[in-house]
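Next come the chains, spelled out residue by residue.
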Amino acid sequence: MSEQKKYRVGLGVCGGIAAYKAIEALRLLQKQNCEVSVAMTKHATEFVQPLTFRALTDTYVLVDDYDESNPDPIAHINFSQNIDLLLIVPATANILAKFANGIADDFLSSTYLASNAPVMVAPAMNVSMWNHAATQRNIEQLKADGVIFVEPVSGELACKTVGTGKLEDVENIAEQVMKVLSLESIVQSPIVSSTQDSRLKTLDLKGESLLITVGGTREAIDPVRFISNHSSGKMGFAVAEAAQKRGAKVTVVCGVTNVEPPENVAVVKAISAQEMFDAVMQKLPESSVFIGAAAVADYRPKQIAEIKIKKTVNDIFNLELEKTPDILANVAANRHEKLLVVGFAAETNDVVNYAKSKMEKKNLDLVVANDITQKGAGFGSDTNIATIISRSNQIELPLMPKRELADKILDEVLKLRAK
Ligand code: PMT
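Residues numbered from 1 in each chain as written. Predicted model: local features only at pLDDT ≥ 70, side-chain atom pairs only at ≥ 80, totals over all residues. Heavy atoms only, no water.

**Some words on the overall build of the chain**
Stated precisely, the cut-off is as follows: Only DSSP runs of H or I reaching four residues or more are called helices, and only runs of E reaching two or more are called strands; each is numbered from the N terminus. Three exposure classes are used, based on accessible area relative to the maximum for each residue type with a 1.4 Å probe and protein chains only: buried under 20%, partly exposed in between, and exposed over 50%. It only takes one pair of heavy atoms within 4.5 Å for two residues to be counted as in contact. Charge assignment in this entry is limited to Lys and Arg as positive and Asp and Glu as negative, and neither His nor the chain termini are counted. To locate a charge, take atom NZ for lysine, CZ for arginine, CG for aspartate or CD for glutamate.
Helix and strand content of the chain: 13 helices and 21 strands. Principal axes of the C-alpha set define a box for the chain whose edges measure 80 × 55 × 35 Å. Within the chain, buried positions represent 49% of all 419 residues. Counting only contacts in the chain whose residues sit at least 6 apart along the sequence, the fraction spanning at least 24 positions is 66%. Positive and negative charge centroids in the chain, built from 45 and 51 side chains respectively, lie 4 Å apart.

Here it is, written out as structure tokens:
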């Protein structure tokens, strides 16, 4: 039987009551043939002694680069360059804040910045700290930066409160680590071609940053009423999930939806077309692929009444509308050299021709045309029927789950990137 590959895991331990569980995580990973080296924050050493990890790994445990007993003068570089994955157990609110903001004021945070390996964090903290707007902002940022989260679970916390913030079971953390490591090693293997193993698809978008608009917009008429549409967000979220699973960093700019966003994507809420436009323009410089899956209102009320509009004796009520900014057209017009721009076209007739004319007018690389009159296609359903159109190709697809269509769209994006 061939010897199982030995993976190198850098285990970062932070100062929280769950620090002792890092010992269990370490043992589980060692049992899976991982070579684990340990870095601790200074506060972690208040909970567990470095000696415990040293005894279990037979290696010096790094806490402080500048410590006289540290045998390596450039430890954070050597440590960070010699691991296949950096795992943080438990990840405190403080370390998430440092990672999200590029603060490198101790050994572990410097290691994070210096490492090219995938990073997985398993947070554990008090529920209020977890729910705090600042922590949630940092989490969104880290997800957008490609950090993989093993989300904390709900339960009774060390502080005797009940809520989300409890470290996920270490068995599950170790399982997630092994999944990522085995996928990484397949991708990096020079002898495995992209057609040999379908799991490879999972990481073929590594290095890409996708910005995706999702759901419908809502244009206020007065404090009570609005103009909107039937988009559920399923199509856009399916693309986001597929892209994230294939290794891309994903940010969704999300209008009104009636399903939950997928895990490990950054979510920016934007309810009106103008809010969506502003959010997209802000995120665009850091994106390499833009996908406009949202159903954006083309028109909005010219004036939003400040107070509720009252019914009158008139049978007709006229509402004056003005154009909203066309997000997709503006993205394409302001594209940087590397950016690929993909649009959707929801049509009821002459579907392919209208979609092609949108591709021309808005200067798109790819357009996904869906005939929303067909059963199982378009708004709200879990399935869709689409034609993917590029300048040189047209692929007509049968009824399929939106999640499957998402992969087909991303396959075409990759083909364009290869050109
Ligand atoms: O969310 P689901 O329920 O899953 O439904 C999916 C969907 C039908 C909404 C989706 O598959 C779809 O077709 N999205 C685009 C719908 C649409 O508004 O198409 P459009 O033909 O009006 O717009 C063309 C393109 O321009 C779209 O990429 C749209 O996002 C974009 N656009 C339109 C207007 C505007 N002001 N800004 C834009 O960016």
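Next comes the rest of the write-up.
**A look at the sheet that holds strand β3 (residues 85-91)**
The strands that make up a sheet are held in pairs by hydrogen bonds between backbone atoms, and each pair lies either parallel or antiparallel. What counts here: Two strands pair under a simple rule: DSSP has to find at least two bridges between them. A fitted line through C-alpha atoms represents every axis, and for helices the fit uses only the stretch in contact; the resulting angles, taken between N-to-C directions, go from 0 to 180 degrees.
Spatial ordering of the open sheet is given by β2-β1-β3-β4-β5, a layout of five strands whose pairing is parallel. In this open sheet, the two edge strands, each paired with only one partner strand, are β2 (34-40) and β5 (148-149). As paired strands, strand β1 (residues 7-13) and β2 are joined by seven bridges and run parallel to one another. What sits directly across from Gly-12, in β2, is Ala-39. Relative to the sheet, helix α1 (residues 21-31) contacts β1, β2 and β3, its axis offset from that of β2 by approximately 160°. Against the sheet, helix α4 (residues 93-101) engages β3, β4 (119-123) and β5, with an angle of about 140° to β3.

**As for the packing of α4 against helix α7 (residues 133-144)**
Here is the rule: Note on terminology: angles under 35 degrees are roughly parallel, angles over 145 are roughly antiparallel, angles of 65 to 115 are roughly perpendicular, and the others are oblique. Should the near helix be turned counterclockwise from the far one by less than a right angle, the crossing is left-handed, whereas a clockwise turn marks it as right-handed. Three residue categories are used. Nonpolar comprises Ala, Val, Leu, Ile, Met, Phe, Trp, Tyr, Cys and Pro, charged comprises Asp, Glu, Lys and Arg, and polar comprises the others, including Gly.
Here α4 crosses α7 at 50°, and the two axes come no closer than 9 Å. As judged from the angle between their axes, α4 and α7 are oblique. Between α4 and α7 the crossing geometry is left-handed. Here Ala-93, Leu-96, Ala-97, Phe-99, Ala-100 and Asn-101 of α4 lie close against α7, whose contacting residues are Thr-135, Asn-138, Ile-139, Gln-141 and Leu-142. Taken together, the residues that form the contact of α4 with α7 break down as seven nonpolar, four polar and no charged.

**Some remarks on the nonpolar core**
Selection criterion: Buried Ala, Val, Leu, Ile, Met, Phe, Trp, Tyr and Cys residues that are joined via side-chain atoms within 4.5 Å together make up what is termed a nonpolar core.
One finds Leu-210, Ile-212, Val-250 and Ile-291 to be the most contacted residues of the largest nonpolar core, which totals 34 residues. Elements that contribute at least two residues to this core include exactly β8 (209-214), α9 (234-245), β11 (249-254), β13 (289-292), β16 (340-347), β17 (366-371), β19 (386-390) and α13 (402-418). Once you skip the residues sitting within four places of it in the chain, Ile-212 turns out to touch Gly-236, Val-239, Ala-240, Val-250, Thr-251, Val-252, Val-253, Ile-291 and Ala-293.

**Regarding the sheet that holds β11**
If you walk across this open sheet you meet the eight strands as β12-β11-β8-β13-β16-β17-β19-β20, and the pairing is mixed. Either end of the sheet is taken by a strand with one partner, and the two such strands are β12 (266-269) and β20 (394-396). For this sheet, the mean angle separating the axes of adjacent strands, direction not counted, is 15°.

**Describing the packing of aromatic side chains**
Our working rule: Stacked, tilted and edge-to-face are the three classes assigned to paired rings of Phe, Tyr and Trp, where Trp is represented by its six-membered ring and a pair needs centres within 6.5 Å; plane angles under 30 degrees give stacked, over 60 edge-to-face, the rest tilted.
With the rule as written, the count across this model stands at two aromatic pairs. Pairing Phe-79 with Phe-107 gives two aromatic rings, centres 5.4 Å apart and planes at 85°, and the pair type is edge-to-face. Remark: Phe-107 occurs in helix α5 (residues 107-114) and Phe-79 occurs in helix α3 (residues 75-81); sequence separation between them is 28 residues. Using a relative accessible area of 9% as the deciding quantity, one classes Phe-79 as buried. Of the residues examined, Phe-107 reaches a relative accessible area of 1% and is grouped as buried. Each ring, one from Phe-99 and one from Tyr-112, has its centre 4.0 Å from the other, and the planes form 10°; the classification is stacked.

**Thoughts on the pairing of strand β7 (residues 162-166)**
When strand β6 (residues 153-156) meets β7, the two strands line up antiparallel, connected through four bridges. Residue Ser-154 lies in a different strand from β7, and its bridge partner there is Thr-164. Here β6 folds back onto β7, and the loop between the two strands holds five residues, one of which, Lys-160, carries a positive phi near 75°.

**Structural notes on the site of the ligand**
Defined as follows: We call a residue near a molecule or strand as soon as one heavy atom of that residue lies within 4 Å of the molecule or strand. Contacts described as polar in this section are N or O atom pairs within 3.5 Å, which, within protein, must combine one atom able to donate a hydrogen with one able to accept it, while residues neighboring in sequence count only if both atoms come from side chains. All accessible areas in this document rest on Shrake-Rupley with a 1.4 Å probe, and a residue is counted as covered only by the protein chains that are shown.
The environment of the ligand is made up of 28 residues, and the closest members are Ser-231, Ser-232, Gly-292, Ala-294 and Lys-358. In this structure, a nitrogen atom belonging to the ligand sits 3.1 Å away from a main-chain N or O atom of Ile-327. Here the ligand loses 95% of its free accessible area of 760 Å² to cover by the protein chains. Only α9, α11 (327-333) and β16 provide two or more residues apiece to the shell around the ligand. Among the residues forming the shell around the ligand, the class breakdown is 13 nonpolar, nine polar and six charged.

**Looking at the pattern of salt bridges**
Defined as follows: In the sections that follow, a salt bridge refers to a side-chain nitrogen of Lys or Arg positioned within 4 Å of a carboxyl oxygen of Asp or Glu.
Taken as a whole, this structure holds 18 salt bridges when the rule is applied. Its salt-bridge partner being Asp-106, residue Lys-98 comes within 3.3 Å of it at the nearest N-O pair. Exposure remark for Lys-98: the relative accessible area of 11% places this residue in the buried category. The exposure class of Asp-106 is partly exposed, given its relative accessible area of 21%. Note that Asp-407 and Arg-246 form a salt bridge whose closest N and O atoms lie 2.7 Å from each other. Of this pair, Asp-407 sits in helix α13 while Arg-246 is found in the loop between α9 and β11, placing the two residues 161 residues apart along the sequence.

**Points about helix α12 (residues 351-361)**
What counts is decided by this rule: The directions considered for the arc run from the helix axis to the C-beta atoms.
Buried residues of α12: Val-351, Ala-355 and Met-359, and no others. Summarising the axial view, the buried residues of α12 lie within an arc of 70°, below the 170-degree limit, and thus occupy one face. Among the exposed residues of α12, those pointing more than 90 degrees away from its buried face are Glu-360 and Lys-361. Each element contacted by the buried residues of α12 is listed here: β16, β17 and β19.

**Overview of the packing of α1 against helix α2 (residues 50-57)**
One can describe the packing of α1 onto α2 by two numbers: an axis separation of 11 Å at closest approach and a directional angle of 10°. The orientation of α1 with respect to α2, classified from their angle, is roughly parallel. Taken together, the residues of α2 that come into contact with α1 (itself represented by Ala-22, Ile-23, Leu-26, Arg-27 and Gln-30) are Thr-52, Phe-53, Leu-56 and Thr-57. Tallied by class, the residues present in the contact of α1 with α2 amount to five nonpolar, three polar and one charged.

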